[in-house]
Amino acid sequence: MKLAKIVKHCRIDRPRHFKLADHDPAERFGLSTDIDDVKQILADGIARIEDLQQRLYAQGQWGVLMVLQGMDAAGKDGVIKHVMSGINPQGCEVHSFKAPSAEELEHDFLWRTGRDVPARGRIGIFNRSHYEEVLVVRVHPQLLQRQNLPPSTAGKGIWKHRFKEIRAFEHHLARNGTLVLKFHLRISKDEQRKRFLARLDEPSKRWKFSMNDVAERAYWDDYMAAYQDMIRETSTDYAPWYVVPADHKHVAWLVVSAAIIEALQGLKLEYPKVTGNALKELKKAERALKAEKA
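One structure accompanies this document, and this report is about it. Every value quoted in this text rests on a predicted model; they were computed, and no experiment measured them.

## Observations regarding the sheet that holds strand S5 (residues 241-245)
No. 1: Here five strands make up an open sheet; going across it, the order is S2-S3-S1-S4-S5 and the pairing parallel. Pairing within the sheet leaves two strands with one partner each, and these edge strands are strand S2 (92-96) and S5. When strand polarity is set aside, the average angle formed by the axes of neighbouring strands in this sheet is 20°.
No. 2: Across eight bridges, the pairing between strand S1 (residues 63-70) and strand S4 (residues 178-186) is parallel. In the sheet register, Gln-69 faces S4, and the bridge partner there is His-184.
No. 3: Relative to S1, helix H3 (residues 76-83) is tilted by about 140°, and along the sheet it contacts S1, S2, strand S3 (123-127) and S4.
No. 4: Seen against the sheet, helix H7 (residues 158-175) touches S1 and S4 and runs at an angle of roughly 135° to S4.

Here is the structure:
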């Protein structure tokens, strides 16, 4: 299957009919199980993203926000490392959102992520995001107590309200020149177990492991229900979700890379053209430089 068709399959364009169970975490779309067979495709994608980022930075009209959400060990760090490895660090920032600080809890739930929205010309990557507030907080509603919300705002309708507020937030970003791309890296429970065991077996990776990772597996079904509801409620034409099969890491890298390239190409990015007096000044500078003695 061509990458364009794979991207279309992963993009959720009809969220009301979305079912998470319809998306197999181990799907390969006919791609090889051997990463060596797709290394050149990955390299070509990295080079294309690098070129598009340079145009994005030079044009300075659009910002790009990438949101990565997934269960622990789904491969969020790996996507950042392998898909975005060719871009200029000056034009990209990665933000990881863990448990909110005391200061962050004193503000509305969108405050801490809103501060880190990328400027025009730059790419921002959220490793976890404002969506934690309708995922982990929904699975563990006792966390709402830490937010000290007025009782009238913390009732049964809070999740519907948060979905509405997220849609409005992302619509605001889109209307003001931010391309929003959201990727749910879908991993199976069995593959997560294998990756946890691999972390425990590898001394250089043990620091990534937490006993809480194992404890959260008991809530797997609750998380899957929360993800399904989240995608149904917040996948829009201006901020779509892509459900990316992540049991095979290189498949996830290829899908995310292809989706980014497709979206950036849609912006029709061009280097600014120098004309008029500015061009005359450049020509003058060129003549002066050429006239200098070697």
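## A look at the pattern of salt bridges
No. 1: Using the criterion set out here, one finds 19 salt bridges in the structure.
No. 2: Two residues, Arg-128 and Asp-72, come together in a salt bridge whose shortest N-O distance is 2.6 Å. Residue Arg-128 is located in the loop between S3 and helix H6 (136-139), and its partner Asp-72 is located in the loop between S1 and H3; the two are separated by 56 residues in the primary sequence.
No. 3: Residue classification places Arg-128 among the buried residues on the basis of a relative accessible area of 18%.
No. 4: In this structure, Lys-182 engages Glu-170 in a salt bridge whose closest nitrogen and oxygen atoms are separated by 2.9 Å. On the criterion of sequence distance, the pair formed by Lys-182 in strand S4 and Glu-170 in helix H7 is long-range, its members being twelve residues apart.
No. 5: By sharing partners, the salt bridges in this structure join Arg-16, Lys-160, Arg-167 and Glu-233 into a single network.

## Quick look at the pairing of S4
No. 1: The buried fraction of S4 is high, at nine of nine residues.
No. 2: Along S4, one buried face is formed by Thr-178, Val-180, Lys-182, His-184 and Arg-186 and the opposite face, lined by Leu-179, Leu-181, Phe-183 and Leu-185, is buried too.
No. 3: Summarising the sheet, S4 and S5 pair through five bridges and their orientation is parallel. Opposite Arg-186, over in S5, you have Pro-245 as the bridge partner.

## Concerning helix H1 (residues 3-10)
No. 1: Considered for burial, the residues of H1 that qualify are Ile-6, Val-7 and Cys-10. Projected down its long axis, H1 carries its buried residues within an arc of 100°, all on one side. In H1, those exposed residues whose orientation departs by more than 90 degrees from the buried face are Lys-5 and Lys-8.
No. 2: On the buried face of H1, the contacting elements are S5 and helix H11 (249-265).

Scoring rules and cut-offs
Residues numbered from 1 in each chain as written. Predicted model: local features only at pLDDT ≥ 70, side-chain atom pairs only at ≥ 80, totals over all residues. Heavy atoms only, no water. Pairing = 2+ DSSP bridges. Helix = DSSP H or I, 4+ residues; strand = E, 2+ residues; numbered from the N terminus. Axes fitted to C-alpha atoms, helices over the stretch in contact; angles between N-to-C directions. Contact = heavy atoms within 4.5 Å. Salt bridge = Lys/Arg side-chain N within 4 Å of Asp/Glu carboxyl O. Buried < 20%, exposed > 50% of the residue type's maximum accessible area, 1.4 Å probe, protein only. Arc of directions from axis to C-beta.

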